[in-house]
Amino acid sequence: MRSIKRLAPLLALLLCLAGCSAARQSSGPYNVYLIPKSSATEFWKSVFAGANAAKSEYNVNLTILAPETEEEYEVQNEYIRQAVEAKADAIIFSAISYTGNAAAVDEAVAAGIRVVMIDCDVNSDGVSARIGTDNVAAGRMTGEAVLDTAEEQIVVGIVNCFAETQNCQERERGLREALRGNARVKGVYAVNVSTDENEAKDAAAKLLQDHPEINVLVGFNEPLAVGVSRAVDELGLTGQVRAISFDTNMRCIELMQTGAVGALIVQNPYAMGYLGVEKAWQVLQGEKFDTSVLIDTTTTIVTKENMFTMENQKAIFSFGGVSPQ
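Let me sum up the structure you'll find in this document. Nothing here was measured: the structure is a model prediction, and the numbers come from that model. (Residues numbered from 1 in each chain as written. Predicted model: local features only at pLDDT ≥ 70, side-chain atom pairs only at ≥ 80, totals over all residues. Heavy atoms only, no water.)

Considering the overall build of the protein
Here is step 1: For the protein, the count of helices and strands is 11 helices and 12 strands.
Here is step 2: Classification of the 325 residues of the protein by burial places 50% in the buried group.
Here is step 3: Put simply, 73% of the contacts in the protein that link residues at least 6 apart link residues at least 24 apart.
Here is step 4: Looking at the protein as shown, the accessible area adds up to about 14700 Å², and 51% of this sits on carbon and sulfur atoms. (Helix = DSSP H or I, 4+ residues; strand = E, 2+ residues; numbered from the N terminus. Buried < 20%, exposed > 50% of the residue type's maximum accessible area, 1.4 Å probe, protein only. Contact = heavy atoms within 4.5 Å. Areas by Shrake-Rupley, 256 points an atom, 1.4 Å probe, with all protein chains shown as cover.)

Have a look at this one:
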């Protein structure tokens with residue numbers, strides 16, 4: 001009899017856990033919102049593909065809400081509020097503005113919604129996990145690609161995005177760190193434009209007009225990279241100016257084979273989407289993550305010389321995505 005009494009608390013706990021599990025199961029799968037910076041590029045389509053694969057594996061309802069351009073942080077804030085009103089369980093978020101998105105994220109956290117950051121961070125202590133590229137390291141990797149040239153003197157032009165977008169600014173910081181103190185580097189010139197291929201092309205052309213000594217151009221995300229690469233190609237500067245491009249796009253891949261693009265700095269957006277859903281599910285299951293430590297996805301330098309290896313073919317040809325719904 002005494003043994004049964006000693007077991008009673010344990011039995012009660014097991015029954016409670018079973019009841020909680022049954023209650024969660026009867027209420028259906030978790031409702032997760034994915035709010036990226038846009039839906040217009042191959043990068044984000046690959047994120048969606050990874051998220052949808054994980055959605056099936058972890059049995060969550062996934063809603064994707066994306067602004068048209070990577071400058072519309074107010075639209076992202078409205079999407080966050082929609083998720084709060086819909087009583088979402090979790091939000092997977094990539095911030096356009098490090099500071100401008102912070103209050104909306106804090107409001108979601110205060111409403112009991114778990115927030116998992118992917119790709120680009122936000123100024124909030126309330127998030128549950130951070131996933132993406134180590135952007136300063138990726139910037140240094142870009143610097144390695146810049147310096148990997150036979151040119152005795154190097155002058156760099158940078159076409160970068162919205163100044164409040166954290167990941168692109170960290171990439172530029174890493175690049176400048178890698179170039180600092182190198183005697184071959186004679187100048188670095190930078191401009192910020194909207195995340196738009198045509199604006200990037202025009203900005204690159206203007207940089208080359210103002211500073212004809214530039215012999216390396218860098219674009220720090222997919223649309224900027226395509227614009228920079230097009231500028232080199234359309235101005236007939238292949239062989240004189242090398243473009244270093246972030247992310248993968250068929251146009252950049254083609255231009256790498258002609259020599260207009262010297263290297264691609266390739267991220268892993270599929271993993272960001274997949275891990276975003278996975279970590280959101282794990283957080284909702286009670287798992288804790290150290291948010292001071294980035295869950296780092298891989299970054300690779302791909303050149304004309306190594307692009308046909310099996311590993312790099314997998315890196316540059318991303319999985320097809322699923323459009324927002």
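Quick word on the packing of aromatic side chains
Here is step 1: Under the defined criterion, the tally for this structure stands at 4 aromatic pairs.
Here is step 2: Where F43 meets W44, the ring centres are 5.0 Å apart and the plane angle is 85°; that geometry is what we call edge-to-face. Neither F43 nor W44 differs from the other in exposure class; each is buried.
Here is step 3: Each residue in the set Y58, Y274 and W281 is aromatic and connected to the rest through ring pairs, giving one cluster. (Phe/Tyr/Trp six-rings, centres within 6.5 Å; stacked < 30°, edge-to-face > 60°.)

A closer look at the pattern of salt bridges
Any two side chains of opposite charge can pair, given that their charged atoms come close.
Here is step 1: Applying the stated rule across the entire model yields 15 salt bridges.
Here is step 2: As a salt-bridge pair, E197 and R230 come within 2.8 Å of each other at their nearest N and O atoms. With E197 in helix α7 (residues 197–210) and R230 in helix α8 (residues 222–234), this residue pair connects regions lying 33 residues apart in the sequence.
Here is step 3: Residue E197 is classed as partly exposed on the basis of its relative accessible area, which comes to 30%.
Here is step 4: Relative accessible area serves as the criterion here: at 14%, R230 is assigned to the buried category.
Here is step 5: A salt bridge links E234 to K201; the shortest N-O distance between them is 3.2 Å. (Salt bridge = Lys/Arg side-chain N within 4 Å of Asp/Glu carboxyl O.)

Considering the pairing of strand β7 (residues 185–192)
Here is step 1: Taken together, the 7 bridges between strand β6 (residues 154–160) and β7 define a ladder with parallel strand orientation. Among the inter-strand pairings, I154 is bridged to a residue of β7, identified as V185.
Here is step 2: Traced from β6 through helix α6 (residues 166–179) to β7, the parallel crossover comes out right-handed. (Pairing = 2+ DSSP bridges. Right-handed = clockwise from strand over helix to strand, strands pointing away.)

Notes on α7
Here is step 1: End to end, α7 covers 20 Å across 14 residues, agreeing with the expected 20 Å (1.5 Å per residue, within 8%).
Here is step 2: Listed in full, the buried residues belonging to α7 are A200, K201, A203, A204, L207 and L208. Looking down the long axis of α7, one finds its buried residues gathered within 165° of arc, a one-sided arrangement.
Here is step 3: Where the residues of α7 are buried, they touch β6, β7, β8 (216–219) and α8. (Expected span 1.5 Å × (residues − 1). Arc of directions from axis to C-beta.)

Some remarks on the sheet that holds strand β3 (residues 90–93)
Here is step 1: Spatially, β2-β1-β3-β4-β5-β11 is the arrangement adopted by the 6 strands of the open sheet, whose pairing is parallel. The outermost strands of the open sheet, each flanked by one partner alone, are β2 (61–64) and β11 (295–296).
Here is step 2: Both strand β4 (residues 114–118) and strand β5 (residues 129–132) contribute to a ladder of 3 bridges, which runs parallel. Residue pairing for β5: M117 is matched across the bridge by R130.

Considering the nonpolar core
Here is step 1: Counting residues in hydrophobic clusters, the biggest one holds 50 residues, and the most contacted among them are V146, V156, V159, L217, V218, I244 and L264.
Here is step 2: Broken down by element, this core gets its largest block of residues, 6 residues, from α8.
Here is step 3: Aside from chain neighbours lying at most four places away, what touches I244 is T142, A145, V146, V216, L217, V218, G219, G262, A263 and I265.
Here is step 4: By size, the runner-up hydrophobic cluster in this structure holds 24 residues, among which are V47, M272, L275 and A280. (Core = buried A, V, L, I, M, F, W, Y, C linked by side-chain atoms within 4.5 Å.)

Here we look at the environment of I64
Here is step 1: Relative to the helices and strands, I64 is located in strand β2.
Here is step 2: Of the residues examined, I64 reaches a relative accessible area of 1% and is grouped as buried.
Here is step 3: In this structure, the C-alpha to C-alpha distance between I64 and V32, residues 32 residues apart in sequence, is 8.7 Å.

A few points about unusual backbone geometry
Here is step 1: The backbone phi angle of K87 is positive, close to 60°, even though this residue is not glycine.
Here is step 2: Here K87 is to be found in the loop between α3 (73–85) and β3.
Here is step 3: Of the residues examined, K87 reaches a relative accessible area of 67% and is grouped as exposed.
Here is step 4: A positive phi angle, near 70°, is found at D247, a position not held by glycine.
Here is step 5: Along the chain, D247 falls in the loop between β9 (242–246) and α9 (250–258).

Observations concerning the state of the cysteines
Here is step 1: By the definition in use, this model includes 0 disulfides.
Here is step 2: With no disulfide of its own, C120 has C168 as its nearest cysteine by sulfur position, at a separation of 7.0 Å.
Here is step 3: Assessed through its relative accessible area of 1%, C120 is described here as buried.
Here is step 4: Exposure remark for C168: the relative accessible area of 1% places this residue in the buried category. (Disulfide = S-S within 2.5 Å.)

Points about the packing of α7 against α8
Here is step 1: Two elements in contact, α7 and α8, have axes separated by 7 Å at closest approach and are oriented at 50°. Classed by the angle they form, the pair α7 and α8 counts as oblique. α8 is crossed by α7, and the crossing has right-handed handedness. Taking contact as the criterion, the partners of E197, N198, A200, K201, A204 and A205 in α7 are, on α8, P223, L224, V226, G227, V228, R230, A231 and E234.
Here is step 2: A class-by-class count of the residues in the contact of α7 with α8 yields 8 nonpolar, 2 polar and 4 charged. (Axes fitted to C-alpha atoms, helices over the stretch in contact; angles between N-to-C directions. Parallel < 35°, antiparallel > 145°, perpendicular 65-115°, else oblique. Left-handed = near helix turned anticlockwise from the far one by under 90°. Nonpolar A, V, L, I, M, F, W, Y, C, P; charged D, E, K, R; others polar.)

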